[in-house]
Amino acid sequence: MSPAEQSFQLPWCGIHHIALVTADLDATIRFYKDVLGMHVSAIAPSEAGRGRHCLIFVKPNDDNMWGFHFFERPLEKTTLGAPDTHPQSFVPHVALRLPDGIAAHALRERLSNAHASITEIPELGSFVFFDNNHLCLEVTWPKSESIS
């Protein structure tokens, strides 16, 4: 590894959200809302195999840190690893936050140089990739900052 590669750093802003699978979205919402007092987004309908899903905000009104993104998959157990039935699933995943599109572009180039496959999520303006352990990682940045 060259000295330039060793000193490469991105200005990470922390974890944006963690996506998890739940067998019962309604029970999960009740626990996080009623027991933990967290704010819950509207429930999004099941589309494109995603299952119903919602955000549970740890820090309401903070675009840099959402919290948990739960996806309902009634036939699957709750898991932290990629399910065997969908090994390339984007759920569960950890979403990391960058401050802007410039940093996201630098990461995209680095991933490309490492021959990592990148999948765009156009509706969110983010992208996902898998680490060496097959953990799905999403990269987000403020929507006003695009990368072309």
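Overview of the structure. (Residues numbered from 1 in each chain as written. Predicted model: local features only at pLDDT ≥ 70, side-chain atom pairs only at ≥ 80, totals over all residues. Heavy atoms only, no water.)

One pass over the full model with this rule turns up seven aromatic pairs. With 5.4 Å between their ring centres and 55° between their planes, Tyr32 and Phe68 make a pair best called tilted. You can see Tyr32 sitting in helix H2 (residues 25–35) and its partner Phe68 sitting in strand E4 (residues 67–72), a full 36 residues away along the chain. Exposure remark for Tyr32: the relative accessible area of 15% places this residue in the buried category. With centroids separated by 6.0 Å and ring planes inclined at 40°, the aromatic side chains of Phe68 and Phe70 adopt a geometry described as tilted. (Phe/Tyr/Trp six-rings, centres within 6.5 Å; stacked < 30°, edge-to-face > 60°. Helix = DSSP H or I, 4+ residues; strand = E, 2+ residues; numbered from the N terminus. Buried < 20%, exposed > 50% of the residue type's maximum accessible area, 1.4 Å probe, protein only.)

In space, the eight strands of this open sheet follow the order E2-E3-E4-E1-E5-E8-E7-E6, with mixed pairing throughout. Two strands close off the open sheet at either side, each with one partner strand: strand E2 (39–40) and strand E6 (119–121). Where strand E1 (residues 14–22) and E4 come together, six bridges link them in parallel fashion. What sits directly across from Val21, in E4, is Phe71. Docked against the sheet, H2 engages E1, E2, strand E3 (53–57) and E4, running at close to 160° with respect to E4. (Pairing = 2+ DSSP bridges. Contact = heavy atoms within 4.5 Å. Axes fitted to C-alpha atoms, helices over the stretch in contact; angles between N-to-C directions.)

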